[in-house]
Each structure stands twice: as C-alpha cells, then as structure tokens.
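Architecture and fold: a report
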Amino acid sequence: MNYLQTELCGLKLKNPLILASGVMGSSVHSLNLIAQDAGAVVTKSVGIEAREGYRNPTVINWKCGLINAVGLASPAAKDFAEQLKDYTNESPLVISLYGYTPEEFRKLVEIFDSALPFHHAYEINLSCPHVSGAGYELGKDVGLSADIVEAAKSSTENPVFAKISAMHDYINLAKALEKAGADAITISNTLRGMKINIISRKPVLSNISGGVSGPAIKPIALKCVYDLYKEVEIPIIGCGGITSFEDVLEFIFAGATAVQIGSAVYYSRRVFYSLKESLIAYTRAHDCSISELVGAAHD
Ligand SMILES: Cc1cc2nc3c(=O)[nH]c(=O)nc-3n(C[C@H](O)[C@H](O)[C@H](O)COP(=O)(O)O)c2cc1C
C-alpha cells in the first residue's frame, strides 16, 4: 500500500508535501532538487514583466520564523516559461502567478500553457502582503478576486488554485472563489509584521514591514483550514509554519488535502525527505493512508 500518495485536483502527488511559493526563488535547478522528495512544487510568483523587488535587507531570520519583503522579484513570464522547460517534472509543477487585473492573469496562463509540454497547475497569488495593488490587496476585493479566478479558469484546462490570506475575510472570499471556479484554496500566505533594530532604532527591512512566516503563524493558518473545511467543497491546501511531521498531521486532521512548506526549507533542504519518512512511519503504524485522515479533527 502506498500510504502517502494522494490526488489533488486531478494531479497525482506521491505525498501531500508541497514546496510553497517563493522560498527557493526562481531557480529551476532548486525546483528540480526539491521535486525529488516533494509531492509537488510551486514556483516563485511571476508576472508579465520582470520585477527587481526591494533592496536588501529583504529577509530577516528571527526566533519564530522569517519576516520577508522580497517584493515579488522575478523574471518576466515569457523568460521564466523558457527556463521551466528544464523542469524534470518528477512531481507536478504549480506556477504561481501575480498580476493586477483579470486580463493579465488570462495572459499569464496563456503564456505558460503554450510554452510547457506537461500537465501543470496554477496558483493565483491573492495574498502577498507587501506589494501595492497586487496580492493581498486583490484578495480584499472579493468581486475582483472572483473575476481573476474566472479569467484564469476560462483560459486553461489545467487546475487553478487560489492562494489567500488569514488576514482576509477568508470564509467569504473562499466561498466566492469556489463559485468562480477555483479548483482548490491555498491558505495562508505570510502575515504582516516587522522588526526594529534596537541599535539604529529603525525598521530592519528596507520596505519597513513584510510578511511573517514560520512557526509564529502556524496556529493561525491551522484555524483557517479548520474553518474552511466546514465551508467549501473544494480541496484546501494548508500553509503556514509547518516544520515537523506533527504539524503536517495537524493540518491534515483540520481538513487540508495537502500542505505547503516554505520557511522550513530555509533551514534544511532535506526537510521534504525527513517529513516524508516520518509520515510513512506514522501511517504504517496506524495502517491508514494519509488521505483517509483528511478532516479527522471534525469527526
Ligand atoms: C522569502 C519568501 C518569499 C516568498 N515569496 C512568495 C511568493 O512569491 N508568492 C507567494 O504566494 N508566497 C510567497 N511566500 C509565502 C510562502 O509561500 C508561504 O505562504 C509562507 O511563507 C507561509 O509558509 P511557511 O510558514 O511554511 O513559510 C514567500 C515566503 C518567503 C519566506
């Protein structure tokens, strides 16, 4: 019996552990490495035009996780699509997209669909908290977010995930996105926060504030998954602060079909291998597949 294999919107995942967007930057080589052990990998968010992002410092490592304001630094979609032709496809690829209007998201989907020869998915970034007019700000407008999902869905046969934030009115937003055709909801992106240097007495990040990730946000993201499981029919992908196999199980029990892992990769690139091995041991010991455990906390 393959204890960890799972299905997500028609994608076959060898395990429910997905690389979250951004932590590995836009390097296809890094995606290939992680794909050896991860169930799927999500790229750094990419838009129509190249973006430089903010100047350093852009990432702070503090005691409960990271705070980042990278500013969606990425190559232009057409260039990135060329680079992704080197993806080995050992695990399904999810392309994270950022943009400002439904029309832009439609174009982005068309660029990647026409360039890539393999089946893949998209994740619409409605939740990055530190770029004006994109990400989180789109997610605050439920109608616009639904139009974006509809535009993306109408241009592709591939699954479309919508990534939202615990800072949103996430139940209403997720319900509207489900109605608009989203195939899954990813929750959560980073949550707004900052750090001040007590010597200079000034904010550490060049952007002043950024997004908090890692263990600090785990209980918040977990509650979002638990709440959404009762409200939507489509799969939920839990994300926020996962570092151990116990964390993964909590998200699965709360109702996540799969989970995404970001900051933990910053500390160890082997994290997918070790989480996978621990989950195999757990499911074997309990003689159940991981998918049977989804939502167990609600029974
Ligand atoms: C350095 C860094 C860059 C990130 N870049 C993106 C991004 O481009 N798009 C996105 O949707 N999320 C991005 N995220 C958010 C992560 O995908 C994830 O949602 C968040 O970090 C919470 O998960 P974690 O606690 O496991 O890190 C980034 C996070 C970090 C730390």
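See the structure printed just above.
Residues numbered from 1 in each chain as written. Predicted model: local features only at pLDDT ≥ 70, side-chain atom pairs only at ≥ 80, totals over all residues.

Things to note about the overall build of the protein
Which entries qualify depends on this criterion: Numbering of helices and strands runs from the N terminus, with a helix taken as a DSSP run of H or I at least four residues long and a strand as a DSSP run of E at least two residues long. Every radius of gyration here is taken over C-alpha atoms, with the globule rule written as 2.2 Å times N^0.38, N being the number of residues. Three exposure classes are used, based on other C-beta atoms lying within 10 Å of a residue's own C-beta, which is placed from the backbone: buried for 20 or more, exposed for 12 or fewer, and partly exposed in between. Here the contact rule is simple: place C-beta atoms from the backbone, and any two residues whose C-beta atoms are within 7 Å are in contact.
Summing up its helical and strand segments, the protein has ten helices and 16 strands in all. Computed over its C-alpha atoms, the radius of gyration of the protein comes to 18 Å, within 12% of the 19 Å expected for a compact globule of 299 residues. Its C-alpha atoms give the protein principal-axis dimensions of about 50 × 50 × 40 Å. Counting over 299 residues, the protein shows a buried share of 51%. Relative to all contacts within the protein whose residues are 6 or more apart in sequence, the contacts with residues 24 or more apart total 70%.

Comments concerning the site of the ligand
To keep things clear, this is the line we draw: To decide whether a residue is near a molecule or strand, its C-beta atom is placed from the backbone and checked for lying within 6 Å of it.
By nearness alone, 28 residues border the ligand, and Ala20, Gly22, Ser213, Gly262 and Ser263 come closest of all. Secondary structure elements with two or more residues in the shell around the ligand: strand 6 (65–68) and helix 9 (263–267).

Regarding the sheet that holds strand 15 (residues 236–239)
Rules: Two strands pair under a simple rule: DSSP has to find at least two bridges between them. To obtain an axis, a line is fitted to C-alpha atoms, over the contacting stretch when the element is a helix, and the angle between two such axes runs from 0 to 180 degrees between their N-to-C directions.
The strand order around the closed barrel built from eight strands is 3-4-7-8-9-10-15-16, with neighbouring strands paired in parallel fashion. This sheet shows a mean twist of 25 degrees between the axes of neighbouring strands, independent of strand direction. Pairing between strand 3 (residues 17–19) and strand 16 (residues 258–261): three bridges, direction parallel. Bridge assignment links Ile18 to a residue of strand 16, and that residue is Gln260.

Remarks on the sheet that holds strand 11 (residues 191–193)
Ordered by their spatial adjacency, four strands build an open sheet running 5-6-14-11, and the pairing between neighbours is antiparallel. If you trace the sheet from one side to the other, it starts and ends with strand 5 (59–62) and strand 11, each paired once. Within this sheet the neighbouring strands show an average axis-to-axis angle of 35 degrees, counted without direction. The pairing of strand 6 with strand 14 (residues 210–213) spans three bridges and is classified as antiparallel. Note that in strand 14 the partner of Ile67 across the bridge is Val212.

Topic: helix 5 (residues 142–154)
An α-helical turn contains 3.6 residues, so a residue and the one three or four places further along point in the same direction. What counts, and what does not: Working rule for helices: expected span equals 1.5 Å times residues minus one.
Counted at 1.5 Å a residue, the expected span for helix 5 with its 13 residues is 18 Å, and the 18 Å between its end C-alpha atoms agrees. Within helix 5 the residues assigned to the buried category are Ser145, Ala146, Ile148, Val149, Ala151, Ala152 and Lys153. Where the residues of helix 5 are buried, they touch helix 3 (102–115), strand 8 (121–125), helix 4 (136–140), strand 9 (160–164) and helix 6 (170–180).

Digging into the nonpolar core
It is characteristic of soluble globular proteins that their nonpolar side chains tend to be buried jointly. In plain terms, the rule: Any set of buried Ala, Val, Leu, Ile, Met, Phe, Trp, Tyr and Cys residues joined through C-beta atoms within 7 Å is what this text calls a nonpolar core.
By size, the foremost hydrophobic cluster in this structure holds 95 residues, and its most contacted members are Ile18, Val41, Ile185, Ile187, Val225 and Val259. Residues within four places of Val259 in sequence aside, it is in contact with Pro16, Leu17, Ile18, Ile237, Gly238, Cys239, Ile242, Val248 and Phe251.

Description of the environment of Ser274
Residue position: Ser274 is located in helix 10 (residues 271–286). Placed 41 residues apart in sequence, Ser274 and Glu233 show a C-alpha to C-alpha distance of 31 Å.

What about the packing of helix 7 (residues 218–229) against helix 8 (residues 245–254)?
As a reminder of what qualifies: Each angle receives one of four descriptions, namely roughly parallel if under 35 degrees, roughly antiparallel if over 145, roughly perpendicular if within 65 to 115, and oblique otherwise. For this scheme, ten residues count as nonpolar: Ala, Val, Leu, Ile, Met, Phe, Trp, Tyr, Cys and Pro. Four count as charged, namely Asp, Glu, Lys and Arg, and the remainder, Gly too, count as polar.
At a closest axis distance of 8 Å, the pairing of helix 7 and helix 8 adopts a crossing angle of 25 degrees. Classified by the interaxial angle, the pair formed by helix 7 and helix 8 is roughly parallel. Contact with helix 7, carried on its side by Lys218, Leu222, Val225, Tyr226 and Tyr229, involves Asp247, Glu250, Phe251 and Ala254 of helix 8 and no other residues of that element. Class assignment of the residues belonging to the contact of helix 7 with helix 8 gives a composition of six nonpolar, no polar and three charged.

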